[in-house]
Amino acid sequence: MSHTDKLGNFTSEDAPDYGDVLQCMRCGFCLPTCPTFALTGRERSSPRGRVALARAVAEQKLEFTEAVREEAFFCLDCRACTTACPSGVRAGEVMEICRSQAHQFFPLKHVGKTFREFVLQKMLTNPDLLETSMLPARLYQKLGIQWLVRHSQLLKLGPEWVAKAEGMMPELHPPLRPQLPDVVPAVGERRGRVAFFLGCIMTLMYPEVSRQTVRVLTHQGFEVATPREQKCCGAPHLTEGDRGTTRSLAQHNLDLFMALDVDAIVTDCAGCGAALKEYEELLEEAGEHNKLAAFRGKIKDVSEFLAEQGLRTDGMQPVEKVVTYHEPCHLCHAQGVSRQPRELIKAIPGIDFRELNEASWCCGSAATFSLKYTGESQQILDRKLENIQATGAELLVTANPGCHLQLAWGLKQAGMPQKVVHITELLSMATG
Amino acid sequence: MISKTAIQHLIEKLGATNVAYEKEDLLVLGYDSTPGIHHLPEVAVFPTTTEGVLAAMEIAQHEGLPIVPRGSGTGLSGGSVPVKGGMVLCLNRMNRILEIDEENLTATVEAGVVTLDLFNAVAGKGLFYPPDPGSQKISTLGGNVMEDAGGLRGLKYGVTRDYVMALKCVLPDGSILTTGGKSVKDVAGYSFKDLLVGSEGTLGIITEITVKLIPPPQDKRTFLAYFNDVRTAGEAVSKIIAAKIIPSTMEIMDKATINCVEDYVKIGLPRQMAALLLIEVDGHPAMVEEEAQGVKAILEQVKAAEIHVAKSAEEAGSLAAARRTALSALARVRPTTLLEDATVPRSRLAETFAEIERLTAKYGLTVGTFGHAGDGNLHPTVLCDERNSDEMHRAHAFYDDLYAQVLAWGGTVSGEHGIGLAKKEYLARQIGAGGVQVMKRIKRAFDPKGILNPGKIFVDDDPCTEAHIEEGFRVSH
């Protein structure tokens with residue numbers, strides 16, 4: 001759908017493609033895979049129902065109502081329905097587009113709008129500003145104010161999400177981006193050169209994880225270049241329905257990374273990987289098809305990349321642990337990377353791998369869903385925790401910071417002993 | 001329009017979360033998987049007990065609302081579409097498995113239990129519920145009974161009807177009818193349960209179902225055979241049956257279907273082949289061995305291009321799973337997938353394929369054909385675009401011609417999907433006006449006011465007076 005045609009009751013800016021909604025033949029294969037449908041049992045909260053709502057808006061049977069907006073944001077965007085759909089319907093992406101529509105139909109009130117624009121357009125587009133903004137949070141932890149707040153009743157005074165957000169925050173270290181050398185040489189026999197896409201949440205919340213990612217890559221024989229001018233991948237903007245800012249970020253990253261002489265562009269954040277792989281469609285109208293296709297071909301999640309290249313296991317230390325794996329939605333459903341992380345885990349000597357029941361079922365994190373819908377998010381999380389419990393694992397491996405935050409928080413709240421680690425942390429443990 | 005008071009009554013009886021009346025909820029409860037059919041109900045209810053069903057029906061009667069039962073909305077003939085508005089009665093929250101009786105080999109479930117959930121629950125006790133419609137992960141037992149759903153195992157194990165032992169249903173007059181039981185034999189009067197199976201929600205609302213279970217086969221062998229010519233595949237099927245071998249599954253996919261399915265499942269199906277057959281024989285190991293030999297000999301005799309045997313149960317399972325996605329996968333190609341359900345005596349299979357090929361060319365259409373070859377039940381599917389009226393016109397002409405031939409061969413217009421809205425014009429052609437009159441009298445006996453799923457199965461006017469009915473089909477009039 002070009003930007004000038006108007007589709008039914010949608011606005012002309014960023015409307016769904018009519019063909020994309022017609023594609024759904026309503027077979028319902030998506031229904032048993034949808035966590036929100038499992039929660040509510042309401043057809044409108046299912047992928048089939050959501051696409052039907054979008055179709056009704058397109059066919060002028062329905063205005064873009066409050067309920068359509070509600071469903072667009074209640075969708076976890078976990079893409080489990082995309083995996084399940086034999087017809088190739090992408091309900092999650094249709095809902096992302098409807099989020100963008102929602103902001104056009106229901107503009108936020110002044111304060112909310114200014115805040116949203118400030119976060120999405122000023123903060124997240126500017127890595128320096130983002131890093132500085134985390135300073136108070138680090139001080140908050142370092143100076144012992146966190147201890148004080150947690151042991152007072154202070155958190156009970158605010159809305160539920162404030163307490164949850166506070167509780168989810170991991171122990172913060174200084175951001176990784178300014179510390180990481182532009183180029184880290186390969187260790188041992190050199191197998192190639194990769195660029196590292198360092199996501200915002202990784203550098204801010206999990207700098208020590210991404211440090212391990214770089215370490216593992218170099219020990220696997222890859223020289224790692226990390227361009228410091230890289231910006232946010234645009235995933236938060238997509239989920240919040242700000243497609244315009246996503247496009248300008250995408251263009252910046254595309255130009256920056258395509259100027260590098262690398263075999264692959266590797267990321268350790270499933271959310272970033274999924275967004276980067278969507279640049280091709282997002283920037284379709286800019287016309288640089290070859291460049292976009294080449295970029296798309298180079299984007300690899302770190303597990304995907306290492307499995308493709310073959311893990312060098314000689315000299316690896318055994319890790320004598322019982323391990324299970326939670327699949328991030330944005331890795332298995334959005335990128336189709338499901339087999340590779342398991343292969344890597346099983347290749348590590350000493351590991352006792354236990355398959356997690358419903359491993360690819362969302363953990364309820366889903367960007368800001370876990371804060372916007374705290375109750376529903378908890379129900380989805382409980383289902384996950386039950387499955388984790390049943391494995392008897394000591395370590396829960398995952399590959400995305402959103403899942404990491406949610407699962408670590410959930411396990412702690414439930415008093416469960418499992419430690420959450422990123423797959424590259426596990427690989428790093430085995431790397432002498 | 002339904003009154004506010006009536007909605008209030010429904011909420012009092014069923015609970016607020018079990019009544020939906022906002023437009024956004026109603027819009028998405030007015031369709032099933034049948035293309036091009038969509039109607040808005042006035043209210044939708046989700047009762048959780050038989051008493052709740054009864055209460056909802058009483059209120060609907062009082063308001064003069066038609067009542068349309070719905071399971072998961074995976075039907076393929078429009079059976080659960082509220083074509084005259086009214087109340088959609090969703091049974092999918094009545095989803096408890098009430099009993100698995102290991103002494104009598106039966107299971108009793110509420111109508112909203114998902115087919116595969118029942119299969120898994122009884123498998124856990126070493127028992128087997130064979131009917132497995134393509135939508136078994138989603139479809140409900142209530143829906144299966146109402147449409148008499150078939151599946152991949154129909155050839156050897158039969159269809160839903162063959163497993164229904166007892167039904168509990170609510171009739172429009174407010175009575176609760178229990179028919180059948182756990183007795184293996186039962187000839188006490190008319191067999192109401194057999195009338196209710198396949199009645200498409202027009203006679204009563206089923207709330208509980210008792211089904212027969214059997215011991216699972218001890219062994220199985222799965223073949224995948226490729227063909228350069230779809231008619232040869234048809235010939236292989238007829239020959240296997242003629243050799244007195246009854247496989248549990250004998251499924252066919254043509255080239256268009258193979259390619260769409262492979263686009264989705266990516267398990268290495270042969271894209272260049274004209275057709276493939278998925279054949280499974282099961283039972284006692286000695287019998288499996290003997291039948292497998294027989295099947296292989298026939299496949300070689302008709303010169304199948306390639307013959308493969310599944311190496312493991314997982315591989316066999318993934319092949320069956322791939323086959324189940326056929327219809328939805330065909331929807332990848334074009335926006336609209338018009339599916340049909342023609343069924344012929346098995347000896348006519350090869351000729352039916354030839355006819356489908358001829359008509360595809362005649363009307364200039366894209367058609368993907370798959371189906372239960374062993375049952376003579378084919379699903380020729382026209383891949384089209386509902387926005388193109390000329391193409392839709394040609395698609396309907398294609399089916400008109402095809403059904404004329406199918407009926408001439410003694411076949412049926414619906415093997416397993418039901419008449420619903422989609423095929424009611426064809427019903428009279430098959431059973432004649434006299435047959436339709438008897439069916440309508442049965443309908444009136446159960447539902448004199450015509451409030452249960454109106455507009456389904458029967459064309460409202462006498463079909464034989466309609467212009468498009470050709471002379472040749474009035475024979476039984």
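See above for the structure.
What you are looking at is a predicted structure, and each value in this text was computed from that prediction instead of being measured. (Residues numbered from 1 in each chain as written. Chains lettered and ligands numbered in written order. Predicted model: local features only at pLDDT ≥ 70, side-chain atom pairs only at ≥ 80, totals over all residues.)

Tell me about the sheet that holds strand β9 (residues 205–212) of chain B, and name the residues and values.
The pairing of strands in a sheet comes from backbone hydrogen bonds and takes either a parallel or an antiparallel form. Residues and elements named next belong to chain B. Taking strand neighbours across the sheet as the criterion, the five strands line up as β5-β6-β9-β7-β8 in an open arrangement whose pairing is antiparallel. Since the sheet does not close on itself, it has two edges, and those belong to β5 (97–101) and β8 (176–180), each with one partner. Strand-to-strand twist in this sheet, taken as the mean axis angle between neighbours without regard to direction, amounts to 10 degrees. Across five bridges, strand β6 (residues 106–110) lies against β9 in antiparallel orientation. Within the sheet, the bridge partner assigned to threonine 106 lies in β9 and is lysine 212. Contacting β5 and β6, helix α4 (residues 115–123) runs over the sheet at an angle of about 40 degrees to β5. (Pairing = 2+ DSSP bridges. Helix = DSSP H or I, 4+ residues; strand = E, 2+ residues; numbered from the N terminus. Axes fitted to C-alpha atoms, helices over the stretch in contact; angles between N-to-C directions. Contact = placed C-beta atoms within 7 Å.)

Any details on the nonpolar core? Residues and values, ideally.
Ranked by size, the top nonpolar core spans 237 residues in total, and within it Val45(B), Ala56(B), Leu89(B), Ala225(B), Leu276(B) and Leu277(B) carry the most contacts. The greatest single-element share of this core, amounting to seven residues, is contributed by helix α3 (residues 47–58) of chain A. Ignoring any residue separated from it by four or fewer positions in sequence, one finds Ala225(B) in contact with Ala236(B), Leu276(B), Leu277(B), Ile279(B), Leu299(B), Ala304(B), Glu306(B) and Ile307(B). (Core = buried A, V, L, I, M, F, W, Y, C linked by C-beta atoms within 7 Å. Buried ≥ 20, exposed ≤ 12 C-beta atoms within 10 Å, placed from the backbone.)

Please provide a residue-by-residue account of helix α14 (residues 389–408) of chain B, values included.
All names here are of chain B. Under the 1.5 Å per step criterion, the end-to-end length of α14 is 29 Å for 20 residues, consistent within 8% with the ideal 28 Å. Three or more residues of α14 are buried, namely Glu391, Ala395, Phe398, Tyr399, Leu402, Tyr403 and Val406. For α14, the arc enclosing every buried residue in end-on projection is 125 degrees, short of the 170-degree limit, so these residues lie on one face. Of the exposed residues in α14, the ones pointing more than 90 degrees away from its buried face are Ser389, Asp390, His393 and Ala408. Residues of α14 that are buried in the fold lie against β14 (336–339), α13 (349–363), β16 (377–384) and α15 (424–446). Just past α14, the residue glycine 410 takes up positive phi, approximately 85 degrees. (Expected span 1.5 Å × (residues − 1). Arc of directions from axis to C-beta.)

How would you sum up helix α24 (residues 401–413) of chain A? Please name residues and give values.
All names here are of chain A. Taking 1.5 Å of rise per residue, the 13 residues of α24 would be expected to cover 18 Å, and the 18 Å separating its terminal C-alpha atoms lies within 8% of that figure. Extensive coverage of α24 is indicated by the burial of ten of its 13 residues. Those residues of α24 not exposed but buried are Pro401, Gly402, Cys403, His404, Leu405, Gln406, Leu407, Trp409, Gly410 and Leu411. Phi turns positive one or two residues past the end of α24, at glycine 415, with a value near 65 degrees.

How would you sum up the interface of chain B and chain A? Please name residues and give values.
On the side of chain A, 26 residues touch chain B, which itself brings 27 residues to the contact. When contributions to the side of chain B that touches chain A are tallied by element, the ones reaching two or more residues are α2 (23–27) and α12 (326–330) of chain B. It is α2(B) that contributes the most residues to the side of chain B that touches chain A, four residues altogether. Of the residues that constitute the side of chain B that touches chain A, the class distribution is eleven nonpolar, eight polar and eight charged. (Nonpolar A, V, L, I, M, F, W, Y, C, P; charged D, E, K, R; others polar.)

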